[in-house]
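Architecture at a glance
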There are 2 protein chains.
Amino acid sequence: MADTQTNLAWETLLDLSASRPGPLHQRLAEAIRVAVRGGRLPLGSALPPSRVLATDLGVSRWTVTEAYGQLISEGFLTGKTGSATRVSWSPEPDERRGVVRSHPGHPDPRRHPPARYDFSQCTPDYRAFPRRKWVEAIRVAAETAPFDRLGYAQPGGEPRLRTVLADHLDRRRGTRVDPELMTVFTGAKQAMGALARALYADGHRRLAVEDPGSPGLWEPARAAGLELVPLPVDEHGVVAEALAGHPDIRAVCVGPAHQLVNGAELAPERRAWLLEWASRVDGLVVEDDYDSEFCYDRPALPAMQGTDPRRVALIGSMSRALTPTVNVGWAVVPRRWLAGIQAEPWLAATAPALNQLALAHFLESGAYDRHLRTSRQRFRARRDALVAALARELPQARIGGQRAGLHLVLDLPPGVPAARIVAAAPAHGIELCDIDQLCLAGEPDPGRLMVGYGNLADGQLAGAVAALVELVREGVDEP
Amino acid sequence: MADTQTNLAWETLLDLSASRPGPLHQRLAEAIRVAVRGGRLPLGSALPPSRVLATDLGVSRWTVTEAYGQLISEGFLTGKTGSATRVSWSPEPDERRGVVRSHPGHPDPRRHPPARYDFSQCTPDYRAFPRRKWVEAIRVAAETAPFDRLGYAQPGGEPRLRTVLADHLDRRRGTRVDPELMTVFTGAKQAMGALARALYADGHRRLAVEDPGSPGLWEPARAAGLELVPLPVDEHGVVAEALAGHPDIRAVCVGPAHQLVNGAELAPERRAWLLEWASRVDGLVVEDDYDSEFCYDRPALPAMQGTDPRRVALIGSMSRALTPTVNVGWAVVPRRWLAGIQAEPWLAATAPALNQLALAHFLESGAYDRHLRTSRQRFRARRDALVAALARELPQARIGGQRAGLHLVLDLPPGVPAARIVAAAPAHGIELCDIDQLCLAGEPDPGRLMVGYGNLADGQLAGAVAALVELVREGVDEP
């Protein structure tokens, strides 16, 4: 392999002035990608150390390491501790392998072009994931687990994690969780899939859901054979009483802590109505407790599960409060559903035992509470800054749903169609959630935007708001 | 919480002389369990430091830490760094919680009573899992991953892992893997499930399988709606030509490197026949490459996938060569099947991105090759010792299938029924695989035992063989 490192004029090879938008590290990554694809950086060639390239290009070292990291994760580069970062991809058939190599990654439309500003609604703050603390928890788990816990995870989940999680949920969410009735999954979708299969096996054929609501939970329910029946949503949460018109429905999935789109809390009388309904029809309320950890202005209402553990199945995960890579979700069900949701282990994957034990340690050590406290402060400050900036820049717009969660809703000035804003966003380097995709049967409010801030870097907030405001103003100007 | 530590006579409280069999650390764990269940160690009481208890009881410190670790993982105890190990379970209703706590773990019949000697066939050597190296790989992955890789794993798997794994398989298994055609799962079962659903969606209704074979792959295939059709097995592997009698079958699942029960390699002419058949009927050969890394006396035959990547779908995982807690498996499919196996992501969980990136690093750094080399040496030595001991103690028995894998087959002396041995094993503290459970339609050879040694501690080998021999001799003596 030729080491081309010293002979290249990197600032010539990598053209960062290209018209492609996006932060510098993404432009650098793209410039390297182009050079690799075009054969100017052949397979095996070494890239300069990050500090050297940073100096050559007049950028921060972070920019370079971030770009290298991205390309390593895509398979374009390889990096080994103690040796140079090298090109690991070739546009030519690789004769050593006898197969033609094409782009190493499956195309992922969400990443092309990369958005400069992430206003999407379902992302936590990946920058703030406590990497070191999590690795430390993995280390403790690996060093203290008896060797037979390194095998397949126990059916239902590691008893220790279930005990610790039950305590945590009882303490923070007002639940009454019996660890025996908790099943650990890889996330909330897997949990919903297992629960939906159990419902189907028990004779259920229809599941009522909030509309708009959470397609991430609709998919596994549909895959299990359940027909989804939409319930309308207003400022008091899901209109529970609409169930009275569906005598054939005995299961409903709701998000009482924070309605996914408008951020509403389910009103106490509707909670009571739902529980009474579930008792009357011998039914089940599936409670999606998806981002209740983030309540800013008052404590979150306790979970419905705590009011009636015999009628509520609680679904949750660590994907929002930590990251999906923790890979742990759960379902806590009334006893009669336990056998059903554990019936098909080959369909519903369990989180790796090591991750489960690490999470138990992370909770027990207090690291999770500290992370939540810090996250809540960070998100509250970010929300306050976002609300203030939007109120200043778009005084005609109305802001709602900001009391909890990781997004707010923005009712645009009259005459600005949200759909046009959403459609134009990618070209402006903005990622926005399309409420239309969260609607099952109803029509989205034509003037309403969802503005997520979970994965919006604080340093980008001013620029992000400016870009969004420009986008909205263009929407006003057009006919 | 009362700290009862200094006032207890531990050697009185914990009766290790009980009649229950098993290694000392399991007896200690059980003694503590009994004391907790009986209320003699109330909720919150502190246990002595492991070194102190070891001295009190006259056992090794390892015995105590192992017992504590087991009970922590079961939820009976909690251990925090820097403070005492405490009882975290109570037989009484816990008034702070408002619910009655029962046994914290789901009952797992495989663990009661714990087997002294593990001759089961599907377990790797958990003791030898390179915990530190794996944690180091996780650490490197966590520190070098761009923050957006900490979210949901990419559909199909991390490109970097796919590239690295493809190289690894090509090098060690003679495959020709295009990383684009690889999909990462949490294990081989999940991969089989996705592939079976793709087959079903394509109109397949029957899948031919080896009999005896691998129920772990049968379950997901059945769950996908496929009917399993048994093919007989002989000393040259699966009798492939039997497919000629099934004109309606166009898919078959085989383990050519090492037949699960008798350890046979699939004969070259049968490999050729299968590939020709697959071409002729426009069919698919699913290659279960489950323990091909462990070949002792000659190199493993290359995977069939390398001969015809257009007709073979390769399924594999790290569960055998590392442990299931690594949580990574894969399927490499002909291009036409790719969309099919990635169609239902909410059914087939993907391994966490961090685990995938850690595994990529583990492979790239050479740690995996080193682990395999050490493992192969260890397993070969263990196999040699086991074969020698069995040949010496049971000269009338015939040993086979020992050239590869983590088990051998033992044809018992005439007149000793294997079923009786298997049935009596648990009472002797021995875990044995019941071949009957690996049979789909055929009857197991009545005189054949499977003897796994993957998870048999080397220090226990003499005792394990003695116990097995005693069991077999009792089988001879009885009418």
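Conventions adopted
Residues numbered from 1 in each chain as written. Chains lettered and ligands numbered in written order. Predicted model: local features only at pLDDT ≥ 70, side-chain atom pairs only at ≥ 80, totals over all residues. Heavy atoms only, no water. pLDDT = per-residue confidence, 0-100. Contact = heavy atoms within 4.5 Å. Buried < 20%, exposed > 50% of the residue type's maximum accessible area, 1.4 Å probe, protein only. Helix = DSSP H or I, 4+ residues; strand = E, 2+ residues; numbered from the N terminus. Pairing = 2+ DSSP bridges. Right-handed = clockwise from strand over helix to strand, strands pointing away. Expected span 1.5 Å × (residues − 1). Axes fitted to C-alpha atoms, helices over the stretch in contact; angles between N-to-C directions. Salt bridge = Lys/Arg side-chain N within 4 Å of Asp/Glu carboxyl O. Parallel < 35°, antiparallel > 145°, perpendicular 65-115°, else oblique. Left-handed = near helix turned anticlockwise from the far one by under 90°. Nonpolar A, V, L, I, M, F, W, Y, C, P; charged D, E, K, R; others polar. Disulfide = S-S within 2.5 Å. Polar contact = N/O pair within 3.5 Å; in protein donor to acceptor, adjacent residues only side chain to side chain.

1. Focus: the confidence of the model for chain A
All names here are of chain A.
- Residue-level pLDDT values for chain A average 84, and 88% of them are 70 or greater.
- Long-range and interchain partners of residues 92-112, a stretch whose pLDDT sits below 50, account for 53 contacts in this model, where long-range means more than four residues apart.
- Interface confidence for the predicted complex, given as ipTM, is 0.74, next to a pTM of 0.75.

2. A short note on the pairing of strand β10 (residues 284-288) of chain B
Residues and elements named next belong to chain B.
- Most of β10 sits out of view: 5 of its 5 residues are buried.
- Neither face of β10 is open: one carries Leu284, Val286 and Asp288, the other Val285 and Glu287, and all of them are buried.
- Pairing geometry for strand β9 (residues 251-254) and β10, over 4 bridges, is parallel. Among the inter-strand pairings, Val252 is bridged to a residue of β10, identified as Val285.
- This β-α-β element, β9 to helix α9 (residues 268-281) to β10, shows right-handed connectivity.
- Inspection of the sheet shows β10 paired to strand β11 (residues 312-317) by 4 bridges, in the parallel sense. Considered in β11, the bridge of Val285 is made with Val312.

3. Considerations on helix α6 (residues 159-173) of chain B
Residue and element names in this part refer to chain B.
- For α6, which comprises 15 residues, the first-to-last C-alpha distance of 20 Å matches the rise-based estimate of 21 Å (1.5 Å per residue) to within 8%.
- Most of α6 is tucked away: 12 of the 15 residues are buried.
- Burial in α6 covers these residues: Pro159, Arg160, Leu161, Arg162, Thr163, Val164, Leu165, Ala166, His168, Leu169, Asp170 and Arg173.
- Taken from the residues just after α6, Gly174 is the one with a positive phi, measuring 65°.

4. A look at the sheet that holds strand β6 (residues 227-231) of chain A
Residues and elements named next belong to chain A.
- Sheet architecture is open: 7 strands sit in the order β4-β12-β11-β10-β9-β5-β6, paired in mixed fashion. Each edge of the open sheet carries a strand with a single partner, namely β4 (182-185) and β6. On average, each strand axis in the sheet is tilted by 20° relative to the strand beside it, whichever way the strands run.

5. What to know about the pattern of salt bridges
- In total, this model carries 52 salt bridges over all chains according to the counting rule given.
- Arg336 of chain A serves as the salt-bridge partner of Asp202 of chain A, at 3.4 Å between the closest nitrogen and oxygen. With Asp202 of chain A in the loop between α7 (188-201) and β5 (206-210) and Arg336 of chain A in the loop between β12 (329-332) and α10 (338-341), this residue pair connects regions lying 134 residues apart in the sequence.
- In this structure Asp202 of chain A comes out as partly exposed when scored by relative accessible area, which is 37%.
- In this structure, Arg383 of chain B engages Asp384 of chain B in a salt bridge whose closest nitrogen and oxygen atoms are separated by 2.9 Å.

6. Concerning the environment of Leu372 of chain A
Residue and element names in this part refer to chain A.
- Tracing the chain through its elements places Leu372 in helix α12 (residues 367-393).
- Note: C-alpha distance between Leu372 and Gly174 (198 residues apart in sequence) is 17 Å.
- Look past the residues within four positions of Leu372 in its chain and what remains in contact with it is His168, Arg172, Glu293, Phe294 and Ala321.

7. Remarks on the packing of helix α5 (residues 131-144) of chain B against helix α12 (residues 353-364) of chain B
All names here are of chain B.
- It is the contact of α5 with α12, at a shortest axis distance of 8 Å, that shows an interaxial angle of 115°. Classed by the angle they form, the pair α5 and α12 counts as roughly perpendicular. Along this stretch, α5 crosses α12, giving a crossing that reads as right-handed. On α12, the residues touching Lys133, Trp134, Ala137, Ile138, Val140, Ala141 and Ala142 of α5 are Leu354, Asn355, Leu357, Ala358, Leu359, His361 and Phe362.
- Of the residues in the contact of α5 with α12, the class split is 11 nonpolar, 2 polar and 1 charged.

8. Let's talk about unusual backbone geometry
Residue and element names in this part refer to chain A.
- Between Asp211 and the following residue, Pro212, the backbone shows a cis peptide bond with an omega angle of 5°.
- As for its placement among the helices and strands, Pro212 is situated in the loop between β5 and α8 (215-223).
- A positive phi angle, near 55°, is found at Asp282, a position not held by glycine.
- Topologically, Asp282 is positioned in the loop between α9 (268-281) and β10 (284-288).

9. Focus on the state of the cysteines
Residue and element names in this part refer to chain B.
- Considering all chains together, one arrives at 0 disulfides over all chains under this definition.
- Left without a disulfide partner, Cys253 is nearest to the cysteine sulfur of Cys439, which lies 16 Å away.
- Cys253 gets classed as buried once you look at its relative accessible area, which sits at 10%.
- Lacking any disulfide linkage, Cys439 is separated from the closest cysteine sulfur, that of Cys433, by 9.6 Å.
- On the accessibility criterion, Cys439 (13% relative accessible area) is buried.

10. Concerning the side chain of Asp369 of chain A
Residues and elements named next belong to chain A.
- Along the chain, Asp369 falls in helix α12.
- On the basis of relative accessible area, Asp369 is assigned to the buried category, the value being 16%.
- Reaching out from Asp369, the side chain makes a polar contact with the side chain of Arg171 at a distance of 3.2 Å.
- Apart from residues no more than four positions distant in its own chain, Asp369 is found in contact with His168, Arg171 and Arg172.

11. Section: the sheet that holds strand β16 (residues 448-452) of chain A
Residue and element names in this part refer to chain A.
- Taken in spatial order, the 3 strands of this open sheet run β13-β14-β16, and their pairing is antiparallel. The two strands at the open ends of the sheet, each matched to only one other strand, are β13 (398-400) and β16. Adjacent strand axes in the sheet meet at a mean angle of 30° when their direction is disregarded.
- In terms of strand pairing, β13 meets strand β14 (residues 407-411) through 3 bridges, oriented antiparallel. Residue pairing in the sheet places Arg398 in a bridge with Asp411 of β14.
- Along the sheet face, α12 touches β13, β14 and β16 and points at about 10° away from the line of β14.

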